[in-house]
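Residues per chain are reported as follows:
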Amino acid sequence: MALCGDVGASSLPSELVVHIFSFLPAPDRLRASAACSHWRDCLFYPALWPELRLSLQASLAERPRLEFLMRKCGCFVRELRVEFAAENYLSGAAEPSGASPPACSAQDTGDGDSQPSGRWLEVLRTYLELVLCVLSSVRGNRNLQKLSLFGDISILQQNGTITSTYLNKVDPGGKKMQQIQQLFDEILANSRQLKWLSCGFMLEIVTPTSLASLSNPVANTIEHLSLLDNHTSANATLVTAIELERFVNLRSLALDFCDFTAEMTRVLANNNHVPLHRLSLLVHNTSLKSKTLDKMPEDEDWRALTRNSANLRVYMMAFDVKSDDMLRILKPSIPLERIHFDSYITCVSGAVVDLISRQYDTFLTHFILMNDVNDMSGFPDLSDNRNEDPLVLLAWRCMRLSLLAIHGKEYGGSARSAVWASKGGV
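Here is what the cut-offs are and how they apply
- Note on numbering: residues in each chain are counted from 1, in written sequence order.
- With pLDDT at 70 or above as the cut-off, local features in this predicted model cover only qualifying residues; side-chain atom pairs require 80 or more to be listed or tallied, and sums for whole chains, interfaces and linings still use all residues.
- Neither water nor hydrogens contribute to the side-chain values; these are computed over all heavy atoms in the structure.
- Here, nonpolar core refers to any group of buried Ala, Val, Leu, Ile, Met, Phe, Trp, Tyr and Cys residues whose side-chain atoms link them within 4.5 Å.
- The cut-offs for exposure are 20% and 50% of the maximum accessible area for each residue type, with area from a 1.4 Å probe on protein chains only; residues under the lower value are buried, those over the upper are exposed, and the others partly exposed.
- To qualify as a helix, a DSSP run of H or I must reach at least 4 residues; to qualify as a strand, a run of E must reach at least 2; elements of each kind are numbered from the N terminus.
- Whether two residues are in contact is decided by their heavy atoms, any of which lying within 4.5 Å being enough.
- Each salt bridge in this description consists of a side-chain nitrogen of Lys or Arg and a carboxyl oxygen of Asp or Glu lying within 4 Å of one another.
- Between any two strands, pairing holds if DSSP finds at least two bridges.
- Between the N-to-C directions of two axes lies an angle of 0 to 180 degrees, each axis being a line fitted to C-alpha atoms and, for a helix, fitted only over the stretch in contact.
- Working rule for angles: under 35 degrees goes down as roughly parallel, over 145 as roughly antiparallel, 65 to 115 as roughly perpendicular, anything else as oblique.
- Throughout, a crossing is termed right-handed when the near helix is turned clockwise from the far one, and left-handed when it is turned anticlockwise from it by less than a right angle.
- Three classes are used, and their members are as follows: Ala, Val, Leu, Ile, Met, Phe, Trp, Tyr, Cys and Pro are nonpolar, Asp, Glu, Lys and Arg are charged, and the others, Gly among them, are polar.
- Each residue gets a pLDDT score, which is the predictor's confidence in that residue and runs from 0 to 100.
- Under the pairing criterion, centres of Phe, Tyr and Trp rings, with the six-membered ring standing for Trp, must be within 6.5 Å; the plane angle then separates stacked pairs below 30 degrees from edge-to-face pairs above 60, leaving the rest tilted.
- Criterion for a charge above a ring: Lys NZ or Arg CZ within 6 Å of the ring centre, and within 35 degrees of the ring normal.

> Lay out the nonpolar core in plain terms, naming residues and giving numbers.
Met 316, Met 326 and Phe 367 are the most contacted members of the largest nonpolar core, which totals 107 residues. Per-element accounting of this core gives the leading share, 11 residues, to helix α7 (residues 118-138). When near neighbours in sequence (up to four residues on either side) are disregarded, Met 316 contacts Phe 257, Leu 281, Val 283, Met 326, Ile 329, Leu 330, Ile 334, Leu 336, Arg 338, Ile 339 and His 340.

> Describe in detail the environment of Val 134, supporting the description with residues and values.
Position of Val 134 among the secondary structure elements: in helix α7. For Val 134, a relative accessible area of 1% gives the class buried. Considering only alpha carbons, one finds Val 134 and Val 82, 52 residues apart in sequence, at a separation of 8.3 Å. Leaving out residues up to four positions away in the same chain, Val 134 has contacts with Leu 56, Leu 66, Met 70, Leu 80, Val 82 and Phe 84.

> Explain the pattern of salt bridges to me, and be specific about the residues and the numbers.
Counted under the stated rule, the structure contains 15 salt bridges. Residue Glu 337 pairs with Arg 278 through a salt bridge whose shortest N-O separation is 2.9 Å. Of this pair, Glu 337 sits in strand β11 (residues 336-343) while Arg 278 sits in strand β9 (residues 278-284), placing them 59 residues apart in sequence. What you see here is one network of salt bridges that share partners, running through Arg 63, Glu 67, Glu 129 and Lys 176.

> I'd like a rundown of the sheet that holds strand β6 (residues 196-200), residues and numbers included.
Strand order in this open sheet of 11 strands is β3-β4-β5-β6-β7-β8-β9-β10-β11-β12-β13, and the pairing throughout is parallel. The two strands at the open ends of the sheet, each matched to only one other strand, are β3 (51-56) and β13 (403-407). Within this sheet the neighbouring strands show an average axis-to-axis angle of 10 degrees, counted without direction. Bridge count for strand β7 (residues 224-227) against strand β8 (residues 252-256) is 4 bridges, and the pairing is parallel. By the bridge assignment for β8, Leu 225 is matched with Leu 253. Strands β3 and β4 (79-84) of the sheet are contacted by helix α4 (residues 62-73), whose axis makes an angle of about 170 degrees with β3.

> Break down the side chain of Asp 259 for me, with residues and values.
With respect to the helices, strands and loops of the structure, Asp 259 is situated in the loop between β8 and α13 (262-268). According to the relative accessible area criterion, Asp 259 is buried, its value standing at 7%. Apart from residues lying up to four places away in sequence, Asp 259 is in contact with Ala 236, Thr 237, Leu 238, Met 264 and Lys 291.

> Residues and numbers for the packing of α7 against helix α10 (residues 175-190), please.
Contact pair α7 / α10: the axes reach a minimum separation of 9 Å and the direction vectors enclose 25 degrees. Judged by the inter-axis angle, α7 sits roughly parallel to α10. Crossing of α7 over α10 shows left-handed handedness. Judged by residue contacts, Arg 125, Leu 128, Glu 129, Val 131, Leu 132, Leu 135, Ser 136 and Val 138 of α7 engage Lys 176, Met 177, Gln 179, Ile 180, Leu 183, Phe 184 and Ile 187 from α10. For the contact of α7 with α10, a count of residues per class yields 10 nonpolar, 2 polar and 3 charged.

> Before we move on, could you go through the confidence of the model for the chain and cite the residues and values that matter?
In regions of low pLDDT, the predicted coordinates are not meant to be interpreted in detail. Confidence in the prediction of the chain, expressed as mean pLDDT, is 79, and 75% of residues score 70 or more. Scored below 50 in pLDDT, residues 155-161 shows 16 contacts in the model against residues more than four places distant or in partner chains. Predicted confidence for residues 412-422 stays below pLDDT 50, and this span has 18 contacts to residues more than four positions away or in other chains.

> For the packing of α4 against α7, give the residues involved together with the corresponding values.
One can describe the packing of α4 onto α7 by two numbers: an axis separation of 10 Å at closest approach and a directional angle of 10 degrees. Relative to α7, the element α4 lies roughly parallel. Residue-level contacts link Glu 62, Arg 63, Leu 66, Glu 67 and Met 70 of α4 to Glu 129, Leu 130, Cys 133, Val 134, Ser 137 and Val 138 of α7. Residues belonging to the contact of α4 with α7 are distributed by class as follows: 6 nonpolar, 1 polar and 4 charged.

> Give me the packing of aromatic side chains: which residues, what numbers.
Tallying each qualifying case throughout the model produces 5 aromatic pairs. Taking the centre distance of 5.8 Å and the plane angle of 85 degrees together, the rings of Phe 21 and Trp 39 count as edge-to-face. Note that Phe 21 is positioned in helix α1 (residues 14-21) and Trp 39 in helix α3 (residues 37-43), a separation of 18 residues in sequence. Across the pair, exposure class does not vary: Phe 21 and Trp 39 are buried alike. Through a chain of ring-to-ring contacts, the aromatic side chains of Phe 44, Trp 49 and Phe 68 assemble into a single cluster. Its end group placed over the ring of Trp 196, Lys 146 keeps NZ or CZ at 4.1 Å from the ring centre.

Listed below in structure tokens is the structure:
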């Protein structure tokens with residue numbers, strides 16, 4: 001490609017090449033960088049990669065590509081989002097060409113005691129290696145403003161419970177896990193501009209001492225904090241009310257419901273904290289089995305919090321939770337805007353749906369109900385013979401409702417028509 005005379009594209013100044021690249025989407029930048037070595041060097045100019053989003057597969061080819069990218073961008077990227085997606089593990093964990101398949105275990109055949117197969121152990125081993133690669137590359141990045149780490153290992157859990165015994169098969173003595181935890185703490189300790197921290201790996205990457213690594217100036221400027229890990233032991237929480245006192249500019253918070261205590265609401269309701277806008281709470285059967293609800297906020301605590309945070313809206317996610325527990329959790333003063341039920345074990349009762357429609361009719365905008373259980377006897381009755389179906393009444397009462405999603409139950413035409421008509425076809 002000649003520009004004028006003998007001057008070619010490779011002779012363009014780096015600043016001009018970078019400026020041209022800035023108008024291109026990431027795939028086109030990569031293709032353009034193959035033109036020459038000069039353009040390839042310009043590809044990784046810091047201004048071109050303020051944000052990096054990765055969805056990683058557990059495959060043999062993933063590691064070198066990831067190492068190259070993180071070596072080039074990890075030291076200066078400002079916003080990093082990494083997702084270790086379970087659906088990728090299924091395709092990524094396939095046996096390489098020519099390799100003999102692993103011997104079937106009891107887990108694979110359904111006979112005997114459940115044991116993880118060699119295939120799944122290799123997936124988990126690769127998972128840990130990818131986490132190490134990412135964290136080690138950003139450990140010294142002091143310009144990091146947004147860090148989001150997500151790990152969906154539900155597929156792994158279905159193929160073998162993630163226990164210390166299971167992890168020890170791929171990480172003897174827990175050395176890799178300790179290294180991962182140390183790297184995460186080091187990233188927090190080195191951060192100077194962090195405003196967004198979100199971590200939900202479900203493998204104890206965040207420990208009860210992790211937030212102590214943050215300096216007071218950084219903790220004071222963080223606006224979003226999300227720490228979700230249902231493998232935390234019963235006597236440990238990832239953040240305490242005392243630690244929360246440092247996060248005075250927090251506008252969005254996501255925690256396990258069992259860790260969100262009445263004392264926390266009093267800290268957040270203090271005038272020295274900016275008003276909280278979003279509170280996301282995970283209600284998980286695993287946590288409820290190991291932790292207690294005795295310290296959960298009561299109505300007066302919620303009222304005090306909403307006085308200081310008038311625009312606060314709550315998003316609640318409930319997984320395999322018994323209806324009796326939900327009836328205890330759902331306090332009238334919660335400004336509940338969204339609720340998502342997802343269950344493989346228990347059904348959401350009509351009493352819970354009715355309570356939600358009565359208490360949160362002025363707030364609720366999203367109601368999602370997903371049941372994949374075999375016994376649907378406890379599912380809210382959507383038959384043609386009921387004139388006051390709880391889901392129909394919810395649609396009528398909650399005038400701000402913009403999304404009503406029901407999955408896992410067939411219901412009659414009159415109930416379907418009533419729901420449809422009540423929301424004007426939404």
